[in-house]
Amino acid sequence: MKNLTKNILIVVVIFLTMSALFSLYSSPSKSYEETDMGTFINQLNNEQVESVTVRIDKLEVVLKDKKKELVNKEGADTFSNIIKNYGVDTEKIKNVKIDIRENEGAGFWISALLPFLLPFLIIAVFLYFMMRQVQGANSKAMSFGQSRAREVSPEEKKNKITFKDVAGVKEAKIELLEIVDFLKNPKKFIALGARIPKGVLLVGAPGTGKTLLARAVAGEAEVPFFNISGSEFVEMFVGVGASRVRDLFKKAKRSSPCIVFIDELDAVGRQRGAGMGGSNDEREQTLNQILVEMDGFDVNTNIIIMAATNRPDILDVALLRPGRFDRRVVLDMPDINDRLEILKVHSKYKPIDQNFDLRIIAERTPGFSGADLANLLNEAAILTARLDKKIIGKEEVLESIEKVLLGPERKSHILSEKEKKITAYHEAGHALVSHMLPNTDPVRKISIISRGRAAGYTLKLPETDKYMTARQEIVEELSVLLAGYVAEKVVFGDITTGASNDLKKATDITKNIITQFGMSEKLGPRTYGERHEMIFLGREITEQRDYSEKIAEQIDIEISKTIANAQNKAHEILTKERTMLDTIANLLLEKETLDREQFEALFAKKINKI
Ligand code: ADP
Ligand code: MG
Ligand code: ZN
């Protein structure tokens, strides 16, 4: 739209200039014949001239024999001057009709002024567009140092988000309600001498709704909301970050009371002096500037700074001091009731089958974040559309859970007969061992259809939300992980590369049991190795050894022993229940997927037989 008016303006200006120039130089019609001044003076002296029309830069002459002539002259030369200069006798021109048209019409003014005004006009137009460019929010040039903060003003009703749109996170909402109250009614608090926190830090795992909640606070408080992401402060150009911070706070002060929201604070707020690389100095300067600005405004400024991070542990301690981000609001992963609420919020504008209780979905999605759940319903809607249905049903949502967890099914990936058989036994091994051990999560689904990068999968999810895991559970989980590998060995006497992912996971878990959770009898309740995050061309976790060579050897021995024990357990189960293993594998080969009911029915039958 902007571009259109701009283009029209440019065309109009060009058109006007062109037509002005054109009219200046093209007015004489073709019937005039050009002659020089000398000939004209001679004609005057010989009394051959009938009439003369004097124009700015030329004389239009009509001779007595009706011939028409055109004589060019200097613009500044008047007719009387010419007569005088050439010494024409005044008697000779008494009978000549003289028509002076020098100052007539716009043409005169344009030709007199345009040469002076045109450059100014062009410069003015140019400047005008440039100013607009700079002011425009999406202009990239000329605005390095300006903050890229997006401002959401309270008048904006369209995308307004309030606490209603954020499900769950009750404690966080209560805490933020106080902030909203303050922004709406600062005098009440100041009268009591209360110092309102300047900075509120939202802490939570990715997808728990930190960004959403911050926008909801702005929506509730009905104050301007400046939103910028930490990574936007830090760019290629040195010094940009700090000047952006300055600019952001300048803008904010102008429209206080307001909220400044810095998303992904860890991008700039990482501990100073840590890491390496060129962008580091830049980041430190940006961080320093944020600290300076936060200290700079007093109690009456009425600006509240909110920030979000999923890594509070790596933030610079200076940020967390009183008077800065001293208020922490923690957003937990949603529990079953929260998940139900989130599902309800996101299904509000989707046609969902009335007969199906969303609680079923909430039950089956422990560990899903708010973002995962939003994604889940979106996937279900896409699937429904693909099936040409009008209403999203239970099957579509259930199917989407697996898609969100494991990636899409790969129907095109065809396994050979042999591969299929190996995969069937591998997955049957996982499922059977999981079923036989008392402390594992129930098997929800077994499949030999490839999904994402896995050839097949056994889906297990906890019955309820889990916050802690006991040692016995982890050890049994290890046996389940190794069961695929063991099943291949027991049945085929050989192993395939398909188990490598399981083995990697098993090794990592074992290492954690011993070095991080202090679950090894022999090495006792302490952690081994200090983990650091290094920022050098990407992210890397390095481990610093804080134990002796002797301990390192013991750790290795313990890891091997733990894995061997878990493997033995799996082996024991699989050889004892060999017939069951065959039954599951054969049924899998036939049906390709088994759900929880089908799987558990196999065991019920067996009990009936006995
Ligand atoms: P974060 O910033 O914590 O990574 P976001 O706020 O960006 O997460 O959340 C991403 C999306 O997930 C939101 O836009 C919203 O659709 C959904 N979501 C997350 N948490 C909730 C919640 N508690 N209630 C409703 N929707 C949520
Ligand atoms: Mg976010
Ligand atoms: Zn496996």
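Remember, predicted model here, so these are calculated numbers, not experimental data. (Residues numbered from 1 in each chain as written. Chains lettered and ligands numbered in written order. Predicted model: local features only at pLDDT ≥ 70, side-chain atom pairs only at ≥ 80, totals over all residues. Heavy atoms only, no water.)

Describing the coordination of the zinc ion (ligand 3)
Only His426 (NE2), His430 (NE2) and Asp502 (OD) from the protein coordinate the zinc ion (ligand 3), and they sit 2.0 to 2.1 Å from it. Read in sequence order, the donor residues for the zinc ion (ligand 3) give the motif H-x3-H-x71-D. Taken together, the residues span a long stretch of sequence, with His426 in helix α16 (residues 417-436) and Asp502 in helix α18 (residues 500-515) at a distance of 76 residues. (Donors = N, O, S within 2.8 Å, 3.2 Å for Na, K, Ca; no water. Helix = DSSP H or I, 4+ residues; strand = E, 2+ residues; numbered from the N terminus.)

Overview of the sheet that holds strand β11 (residues 327-331)
If you walk across this open sheet you meet the six strands as β6-β8-β9-β10-β7-β11, and the pairing is mixed. At either margin of the open sheet sits one strand with a lone partner, and together these are β6 (150-152) and β11. On average, adjacent strands in this sheet sit at an angle of 20° to one another, irrespective of strand direction. Bridge count between β6 and strand β8 (residues 225-229): three bridges; the pairing is antiparallel. Bridge pairing in β8 places Val152 opposite Phe225. In the packing of helix α5 (residues 170-184) onto the sheet, the strands contacted are β7 (199-204), β9 (258-263), β10 (303-309) and β11, and the crossing angle to β11 comes to about 135°. Strands in contact with helix α7 (residues 210-221) are β7, β8, β9, β10 and β11; relative to β9, the strand with the most contacts, it is inclined by about 170°. (Pairing = 2+ DSSP bridges. Axes fitted to C-alpha atoms, helices over the stretch in contact; angles between N-to-C directions. Contact = heavy atoms within 4.5 Å.)

Focus on the site of ligand 1
Every one of the 15 residues lining ligand 1 counts as a neighbour, but Ala167, Gly207, Lys210, Thr211 and His346 are closest to it. The backbone of Thr208 places a nitrogen or oxygen atom 3.4 Å from an oxygen atom of ligand 1. Contacts to ligand 1 include His346, whose side-chain N or O atom sits 2.8 Å from a nitrogen atom. Its free accessible area being 560 Å², ligand 1 has 78% of it covered by the protein chains. At the level of elements, α7, α12 (336-347) and α14 (370-386) are the ones that each hand at least two residues to the shell around ligand 1. (Near = heavy atom within 4 Å. Polar contact = N/O pair within 3.5 Å; in protein donor to acceptor, adjacent residues only side chain to side chain. Areas by Shrake-Rupley, 256 points an atom, 1.4 Å probe, with all protein chains shown as cover.)

Quick look at the packing of aromatic side chains
With the rule as written, the count across this model stands at six aromatic pairs. Aromatic side chains Phe225 and Phe261 sit 5.9 Å apart centroid to centroid with 20° between the ring planes, which places their arrangement in the stacked category. Taken together, the residues Phe225 in strand β8 and Phe261 in strand β9 connect sequence positions 36 residues apart. Judged by its relative accessible area of 2%, Phe225 falls in the buried class. Owing to a relative accessible area of 0%, Phe261 belongs among the buried residues under this scheme. (Phe/Tyr/Trp six-rings, centres within 6.5 Å; stacked < 30°, edge-to-face > 60°. Buried < 20%, exposed > 50% of the residue type's maximum accessible area, 1.4 Å probe, protein only.)

What about the pattern of salt bridges?
When charged atoms on two side chains of opposite charge get close, those side chains can pair. For the structure on display, the rule yields 15 salt bridges. A salt bridge links Asp247 to Lys251, with the nearest nitrogen and oxygen atoms 3.7 Å apart. Of the two residues, Asp247 and Lys251 are both situated in helix α9 (residues 240-254); the distance of four residues between them amounts to about one turn of the helix. The class of Asp247 is buried, set by a relative accessible area of 14%. Residue classification places Lys251 among the partly exposed positions, given a relative accessible area of 27%. For Glu558, the salt bridge identified is with Lys561, shortest N-O distance 3.5 Å. Note that Glu558 and Lys561 are positioned in helix α19 (residues 549-576) at a spacing of three residues, about one turn of the helix. Note on Glu558: relative accessible area 9%, which makes it buried. Classification of Lys561 as partly exposed rests on a relative accessible area of 43%. (Salt bridge = Lys/Arg side-chain N within 4 Å of Asp/Glu carboxyl O.)

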